[in-house]
Amino acid sequence: MHCKPGTASEYRRHVAKIIIPAIGSKKVKAVSRSDIARLHHARRDMPYDANRTLATLSKMFTLAEKWDIRPDNSNPCRHVEKYPERKRERMLTVEELGRLGEALAAYEGSPHAVAAFRLLVFTGARKGEVLGLRWEWISIDQGTVRLPDS
């Protein structure tokens, strides 16, 4: 399985903190749709995380089928309905933006941290994208950054 490091980290977190405690004692072949539905339902108060856990499980069981650990088309995550998710989008108010600017100007720590915060605020990029920037992706002449996989 090939995925970005951040995705792999999230998969590991779901497995360690949620999946193993809930169904880790069962054999892969013995896990049923009701097991998955029960686990998903138990996390209903966190719909986003419940859905990401379901997606992680689905990927795991798809691989189990591919590796002949489970029969084809036996993924127990199929037909477990995801919870609706509300998109979270919030913009800083003019007042908040001003206070942030003042705080960054007064900050006496690393100027690199200040620059990273400014990039995050003014570009809408993700933290991992800003922290992982490479010079070859930046065109100072054009005033652009081209991320290779975003």
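Everything below is about the structure printed above this text.
Residues numbered from 1 in each chain as written. Predicted model: local features only at pLDDT ≥ 70, side-chain atom pairs only at ≥ 80, totals over all residues. Heavy atoms only, no water.

1. Some remarks on the overall build of the protein
Then, number 1: Along its length, the protein carries six helices and two strands.
Then, number 2: Starting at the N terminus and walking to the C terminus, you meet the elements of the protein as α-α-α-α-α-α-β-β.
Then, number 3: In terms of C-alpha radius of gyration, the protein reaches 21 Å, well past the compact-globule figure of 15 Å for 150 residues.
Then, number 4: In terms of principal-axis extent, the alpha carbons of the protein reach across some 60 × 35 × 25 Å.
Then, number 5: Out of the 150 residues belonging to the protein, those deemed buried represent 23%.
Then, number 6: Of the contacts made within the protein by residues no fewer than 6 positions apart, 48% connect residues no fewer than 24 positions apart.
Then, number 7: Per element, the accessible surface of the protein, about 11,600 Å² overall, is 56% carbon and sulfur.
Then, number 8: One way to put it: in the protein the 27 positive side-chain charges average out to a point 8 Å from where the 18 negative ones average out. (Helix = DSSP H or I, 4+ residues; strand = E, 2+ residues; numbered from the N terminus. Rg over C-alpha atoms; globule rule 2.2 N^0.38 Å. Buried < 20%, exposed > 50% of the residue type's maximum accessible area, 1.4 Å probe, protein only. Contact = heavy atoms within 4.5 Å. Areas by Shrake-Rupley, 256 points an atom, 1.4 Å probe, with all protein chains shown as cover. Lys, Arg positive; Asp, Glu negative; His and termini not counted. Charge placed at Lys NZ, Arg CZ, Asp CG, Glu CD.)

2. Quick notes on the packing of aromatic side chains
Then, number 1: Throughout the structure, instances matching the rule amount to zero aromatic pairs.
Then, number 2: For Arg52, the ring lying beneath its charged end belongs to Tyr48, and the centroid distance is 4.2 Å. (Phe/Tyr/Trp six-rings, centres within 6.5 Å; stacked < 30°, edge-to-face > 60°. Lys NZ or Arg CZ within 6 Å of the ring centre and 35° of its normal.)

3. Re the pattern of salt bridges
A side chain with one charge may pair with a side chain of the opposite charge, provided their charged atoms come close.
Then, number 1: Under the definition given, this model contains ten salt bridges.
Then, number 2: Note that Lys26 is salt-bridged to Asp35, the shortest N-O span being 2.9 Å.
Then, number 3: By relative accessible area, which is 37% here, Lys26 ends up partly exposed.
Then, number 4: Note on Asp35: relative accessible area 7%, which makes it buried.
Then, number 5: What emerges from the salt-bridge pattern is a single network uniting Glu10, Arg13, Arg43 and Asp49. (Salt bridge = Lys/Arg side-chain N within 4 Å of Asp/Glu carboxyl O.)

4. Quick word on a nonpolar patch on the surface
Then, number 1: There is a patch of nonpolar side chains on the surface, built from Leu92, Leu97, Val121 and Phe122 and spanning about 350 Å² of accessible area.
Then, number 2: Inspection of the secondary structure puts Val121 in helix 5 (residues 111–123). (Patch = residues over 30% accessible without salt bridge, like charges linked within 9 Å, V, L, I, M, F, W, Y side chains within 5 Å.)

5. A word on the nonpolar core
Then, number 1: Grouped together as the largest cluster of nonpolar side chains are eleven residues: Ile18, Ile19, Ile23, Val31, Ile36, Leu39, Leu54, Leu57, Phe61, Cys77 and Val80.
Then, number 2: Secondary structure elements with two or more residues in this core: helix 1 (5–23), helix 2 (33–42) and helix 3 (47–66).
Then, number 3: Discounting residues that sit within four places of it in the chain, Ile36 has contacts with Ile23, Val31, Leu54, Leu57, Phe61, Pro76, Cys77 and Val80. (Core = buried A, V, L, I, M, F, W, Y, C linked by side-chain atoms within 4.5 Å.)

Honestly, that's just the spatial picture; any functional story needs more than this.
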